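# Chains, contacts and geometry: an overview
Here's the letter readout for the chains.
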Amino acid sequence: MKSIYDRRDGKLLKEIDSMHFIMPLMYPNRCDNEAFMYERFDLTKTNEYLEKKQAEDPNYKYNLFQIIVTALLKTLTLRPEMNRFITNYHLYQRNEISAAFTIKKVFSEEGGEALAFIHAKPTDNIDTIHQEIYRQVSYCRSDNKDASTASMDVLQKIPLCLKKTLGAGARFLDRHGWMPESVVATDPYRASVVIANLGSIKLHAGYHHLTNWGTTSVFCLIGQIKKRPFYDDDGNVQMKMSVDVGLTVDERISDGYYCSRSIALLKKLIENPELLEASLSEEIDY
């Protein structure tokens, strides 16, 4: 049952240990509590799986980005503490699993950008997420504007002399979860995870800061796909196709061991993508 302390986007967590109670009081800003992790994934089985899926659907091919998005959504579904957020000194469990990313309408310096937002369901899998990403990309690369961009265009017309007042008011509404839905409907910093595919623009994965605005506690950067060395226990090296991923997490939402196990699950899913054919809510061994 929803209480008066819950937000539109999350349920207030009351029965928590003293450490998770104290941390937001001592360190209230999300940007002061970033934990950055860097992981490399072996794409041997992943590429074999993609070849099979691409043969099944030649019209809109499956790709690594879709696998990583689905793997992140499944990880957040099975590891709910990674889907928490802290705002206004309180810890909340988010009401839904979601992912956001920016889409470049045209790959040029003049090309505009649009915001894509995936609202996942427990019954989703790689096939339904694949179709939803296709729908979002098609929509964003048309002349349509996402809801948040359209609202920002209106706000941009407010006189400059009111900028500080507008900013202060927006931050107040943001802290309390009172921002109008029309303004934040596709705001990426309201998602469970924000994803940036830097490999698509020939950049390496690296660190990306969190923001004090919004509620996002996890940021994921995807780097270039290329051959890299992998070493076995005896020190022998083998070159394999791989991708590097950078993850920035608000360390206040869970403990280090829980986060480590969550990354182990993410690795299992990306390197064994056939597991993503099951629903997001179906448990797996890892």
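Refer to the preceding data block for the structure.
Parameters and conventions
Residues numbered from 1 in each chain as written. Predicted model: local features only at pLDDT ≥ 70, side-chain atom pairs only at ≥ 80, totals over all residues. Heavy atoms only, no water. Helix = DSSP H or I, 4+ residues; strand = E, 2+ residues; numbered from the N terminus. Expected span 1.5 Å × (residues − 1). Contact = heavy atoms within 4.5 Å. Buried < 20%, exposed > 50% of the residue type's maximum accessible area, 1.4 Å probe, protein only. Pairing = 2+ DSSP bridges. Patch = residues over 30% accessible without salt bridge, like charges linked within 9 Å, V, L, I, M, F, W, Y side chains within 5 Å. Areas by Shrake-Rupley, 256 points an atom, 1.4 Å probe, with all protein chains shown as cover. Salt bridge = Lys/Arg side-chain N within 4 Å of Asp/Glu carboxyl O. Phe/Tyr/Trp six-rings, centres within 6.5 Å; stacked < 30°, edge-to-face > 60°. Lys NZ or Arg CZ within 6 Å of the ring centre and 35° of its normal. Axes fitted to C-alpha atoms, helices over the stretch in contact; angles between N-to-C directions. Parallel < 35°, antiparallel > 145°, perpendicular 65-115°, else oblique. Left-handed = near helix turned anticlockwise from the far one by under 90°.

## Considerations on helix 2 (residues 44-56)
- When the terminal C-alpha atoms of helix 2 are compared, their 19 Å separation across 13 residues agrees well with the 18 Å that a helix rising 1.5 Å per residue should span.
- Structurally, helix 2 contributes buried residues whose contacts are with strand 2 (34-42), helix 3 (64-78), helix 4 (126-140) and helix 8 (256-271).

## Observations regarding the pairing of strand 3 (residues 84-87)
- Burial along strand 3 is two-sided: the face carrying Arg84 and Ile86 and the face carrying Phe85 and Thr87 are both buried.
- As paired elements, strand 3 and strand 4 (residues 90-94) share four bridges and run antiparallel to each other. Opposite Arg84, over in strand 4, you have Gln93 as the bridge partner.
- The hairpin formed by strand 3 and strand 4 contains two residues between the paired strands, and Asn88 there has a positive phi angle of roughly 55°.

## What to know about a nonpolar patch on the surface
- Residues Phe21, Ile22, Leu25, Met26, Tyr27 and Tyr89 make up a contiguous nonpolar surface patch of roughly 610 Å² in combined accessible area.
- Mapped onto the elements of the fold, Tyr27 is located in the loop between helix 1 (18-26) and strand 2.

## Thoughts on the packing of aromatic side chains
- Summed over all chains, the structure comprises five aromatic pairs.
- Between Phe85 and Tyr92, the ring centres sit 5.3 Å apart and the planes meet at 15°, which makes this aromatic pair stacked. Both residues of the pair, Phe85 and Tyr92, count as buried.
- Each member of the aromatic cluster is reached from another via a ring pair, and the members are Phe36, Tyr38 and Tyr207.
- If you follow Arg7 out to its NZ or CZ, it ends over the ring of Tyr92, 5.7 Å from the centre.
- Stacked on the ring of Phe230, the Lys or Arg Lys240 has its end atom at 5.6 Å from the ring centre.

## Remarks on the side chain of His130
- Among the structural elements, His130 can be located in helix 4.
- Dropping the residues within four chain positions of it, His130 is found in contact with Asp57, Tyr60, Lys61, Tyr62 and Gln66.

## A short note on the pattern of salt bridges
- Considering all chains together, one arrives at 15 salt bridges under this definition.
- One salt bridge connects Glu181 with Arg8, and the closest N-O pair in it is separated by 3.6 Å. With Glu181 in helix 7 (residues 181-184) and Arg8 in the segment before strand 1 (10-12), the pair connects residues that are 173 residues apart, well separated along the chain.
- Linking Asp250 and Arg252 is a salt bridge whose minimum nitrogen-to-oxygen distance equals 2.8 Å.
- Arg252 gets classed as buried once you look at its relative accessible area, which sits at 1%.
- Ionic contacts of the salt-bridge type, sharing partners, join the residues Arg40, Arg228 and Asp244 into one network.

## Describing the packing of helix 3 against helix 8
- Running from N to C, helix 3 and helix 8 cross one another at 140°; their axes reach a closest spacing of 9 Å. One element, helix 3, and the other, helix 8, form an angle in the oblique class. Between helix 3 and helix 8 lies a crossing whose hand is right-handed. Of helix 8, the residues touching helix 3 (which contributes Ile67, Ile68, Ala71, Leu72, Lys74, Thr75 and Leu78) are Ser262, Leu265, Leu266, Leu269 and Ile270.

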